[in-house]
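Residue strings, one per chain:
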Amino acid sequence: MKIVFRKNDQEEITVLQSFDGDERKFIYTDMIKVLIEHGELEAPLVEGDFTEEEIRSINNMVSEINKVTKETLKANAG
């Protein structure tokens, strides 16, 4: 699953989830299911006029989610 962030001309941000290009409304429980099943999220897709700081923050958030998920799954397996 890939999380998609879009910013429109009015500076409104929309968050979607994408499964192999099929975009849908973002649902946290879907993200959790993917994390449990696959252990990580794909790199996020950021579209629109985001600042470099916003892009960095989004990428860091997904990286941190992946890191914590891997650590948790490893601890639970062992």
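See above for the structure.
The shown structure was predicted, so the numbers you read here are calculated from the model rather than taken from an experiment. (Residues numbered from 1 in each chain as written. Predicted model: local features only at pLDDT ≥ 70, side-chain atom pairs only at ≥ 80, totals over all residues. Heavy atoms only, no water.)

A. The arrangement of a nonpolar patch on the surface in detail. Taken together, the side chains of Tyr28, Ile32 and Ile36 define a hydrophobic patch exposed on the protein surface, amounting to about 360 Å² of accessible area. Mapped onto the elements, Ile36 comes out in helix H1 (residues 28-38). (Patch = residues over 30% accessible without salt bridge, like charges linked within 9 Å, V, L, I, M, F, W, Y side chains within 5 Å. Areas by Shrake-Rupley, 256 points an atom, 1.4 Å probe, with all protein chains shown as cover. Salt bridge = Lys/Arg side-chain N within 4 Å of Asp/Glu carboxyl O. Helix = DSSP H or I, 4+ residues; strand = E, 2+ residues; numbered from the N terminus.)

B. The nonpolar core, seen in detail. Of all hydrophobic cores here, the largest spans eleven residues; its members are Met1, Ile3, Phe5, Phe26, Met31, Val34, Leu35, Leu41, Phe50, Ile58 and Val62. For this core, the secondary structure elements donating two or more residues are strand E1 (2-7), H1 and helix H2 (52-77). With three residues, the top contributor of residues to this core is H1. Non-local contacts of Ile3, meaning those with residues more than four positions away in its chain, are made with Val15, Leu16, Phe26, Met31, Leu41, Pro44 and Leu45. (Core = buried A, V, L, I, M, F, W, Y, C linked by side-chain atoms within 4.5 Å. Buried < 20%, exposed > 50% of the residue type's maximum accessible area, 1.4 Å probe, protein only. Contact = heavy atoms within 4.5 Å.)

C. Spatial organisation of the side chain of Asp30. With respect to the helices and strands, Asp30 occurs in helix H1. Buried within the structure, Asp30 lacks any salt-bridge partner; Lys33 is the closest side chain of opposite charge, at an N-O distance of 4.4 Å. When neighbours within four sequence positions are excluded, Asp30 is seen to be in contact with Met1 and Gln17. (Lys, Arg positive; Asp, Glu negative; His and termini not counted.)

D. Broad picture of the packing of aromatic side chains. What the rule picks out here adds up to one aromatic pair. For the ring pair Phe26 and Tyr28, a centre distance of 4.9 Å and an interplane angle of 80° mean the geometry is edge-to-face. Overall, the relative accessible area of 60% leaves Tyr28 in the exposed class. Lying across the ring of Phe50, Lys7 places its NZ or CZ 5.0 Å from the centre. (Phe/Tyr/Trp six-rings, centres within 6.5 Å; stacked < 30°, edge-to-face > 60°. Lys NZ or Arg CZ within 6 Å of the ring centre and 35° of its normal.)

E. Structural view of H1. Listed in full, the buried residues belonging to H1 are Asp30, Met31, Val34 and Leu35. One side of H1 carries all its buried residues, which in axial view fall inside an arc of 135°. Residues Tyr28, Lys33, Ile36 and Glu37 are exposed on H1 and point more than 90 degrees away from its buried face. Considering only its buried residues, H1 is in contact with E1, strand E2 (13-19) and H2. The positive-phi residue at the C-terminal boundary of H1 is Gly39, with phi of around 85°. (Arc of directions from axis to C-beta.)

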